[in-house]
Amino acid sequence: MDSLDLKKIRIIELVIIFILGLVPLFWFKNGYFFANGDDFPLFLNSHQTLLTGTSLWSTNYLGAATPMPAYLIYQYSGAFLSYLGLSVGAIQSVFDVFLFLVAGFSTYYLTTKIYPQSKIAPFIASLFYMFNFFFLINLRNIGFMWTCAFLPLILALFLRIMSAAHQGDKNNTNKSIIYFALASVVALSFAS
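Residues numbered from 1 in each chain as written. Predicted model: local features only at pLDDT ≥ 70, side-chain atom pairs only at ≥ 80, totals over all residues. Heavy atoms only, no water.

Caption draft 1: Region of interest: the overall build of the protein chain. Counting secondary structure elements, the protein chain contains nine helices and zero strands. Going residue by residue from the N terminus, the α and β elements of the protein chain occur as α-α-α-α-α-α-α-α-α. The buried share of the protein chain, taken over its 192 residues, is 37%. A fraction of 66% describes how many contacts in the protein chain between residues 6 or more apart in sequence connect residues 24 or more apart. Surface accessibility of the protein chain: about 11,100 Å² in total, with carbon and sulfur atoms responsible for 70%. (Helix = DSSP H or I, 4+ residues; strand = E, 2+ residues; numbered from the N terminus. Buried < 20%, exposed > 50% of the residue type's maximum accessible area, 1.4 Å probe, protein only. Contact = heavy atoms within 4.5 Å. Areas by Shrake-Rupley, 256 points an atom, 1.4 Å probe, with all protein chains shown as cover.)

Structure (structure tokens):
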């Protein structure tokens, strides 16, 4: 197959994945938030959570270490979106769209690393990964969703590290290790 044809197919597939990643916007109904969306402190009072939730010790946990600093990514971005005037339901939709897009694009990237010449495999894998029942049922389990969304990206970066190391490309290996570390920190810190 011609390389130019494969690039055109990949661009069309990525645009379709992007459009399908916007599906959670259809779930949003103004004035409501998603079921179990009230179990995360950010949604109740994001500004106060931002001020008090970043401390490592809390009186709410009877002197034990609090898990609140692990939620910093979610809290800061949620507080920023609430400062922009978005409602709780809209913020949930934005996060769901983000997780859907990360899951779709990272699965696409992983599949292109495994099957570099395949026209349809990355697209089909992304669709199945984004819309599998396990993923959809656990949508409100935020830690699980971040892990699921970023796992294909982390695996693809790991494959990239192994390939570059096997080829003896030290520069590409080091860059891939940095990307792997950043993706792991973002995904797994929040998932904790």
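Caption draft 2: Geometry of the confidence of the model for the protein chain. Across the protein chain, pLDDT averages 79, with 73% of residues at or above 70. Averaged over each element, pLDDT in the protein chain is lowest for helix α2 (residues 41-44) (50) and highest for helix α6 (residues 121-130) (92). (pLDDT = per-residue confidence, 0-100.)

Caption draft 3: Representation of helix α1 (residues 3-21) in the model. The terminal C-alpha atoms of α1 lie 27 Å apart, and with 19 residues this matches the ideal 27 Å at 1.5 Å per residue to within 8%. All buried positions along α1 are accounted for by L6, R10, E13, I17 and G21. The arc enclosing the buried residues of α1, seen along the axis, measures out at 80°, which places them on a common side. What points out from α1, more than 90 degrees from its buried face, is the exposed set L4, I11, I12 and I19. (Expected span 1.5 Å × (residues − 1). Arc of directions from axis to C-beta.)

Caption draft 4: Quick peek at a nonpolar patch on the surface. Taken together, I11, L14, V15, F18, I19 and F105 make up a surface patch of nonpolar side chains, about 520 Å² in accessible area. Ranked by the residues each element gives to the nonpolar patch, the list is headed by α1, at five residues. Locating I11 in the fold gives a position in helix α1. (Patch = residues over 30% accessible without salt bridge, like charges linked within 9 Å, V, L, I, M, F, W, Y side chains within 5 Å. Salt bridge = Lys/Arg side-chain N within 4 Å of Asp/Glu carboxyl O.)

Caption draft 5: The environment of E13, seen in detail. In this fold, E13 is placed in helix α1. When its relative accessible area of 6% is taken as the criterion, E13 is described as buried. Along the sequence, E13 and I124 sit 111 residues apart, while their C-alpha atoms lie 9.4 Å from each other. Sequence-distant contacts of E13, defined by excluding residues within four places in its chain, comprise Y108, K119, I120 and F123.

Caption draft 6: Broad picture of the packing of aromatic side chains. Summed over the entire model, instances satisfying the criterion amount to five aromatic pairs. Measuring from centroid to centroid gives 6.3 Å for F98 and F150, while their planes differ by 50°, and the two rings are tilted. Of this pair, F98 sits in helix α5 (residues 88-114) while F150 sits in helix α8 (residues 142-167); the two residues are 52 residues apart in sequence, bridging distant segments of the chain. (Phe/Tyr/Trp six-rings, centres within 6.5 Å; stacked < 30°, edge-to-face > 60°.)

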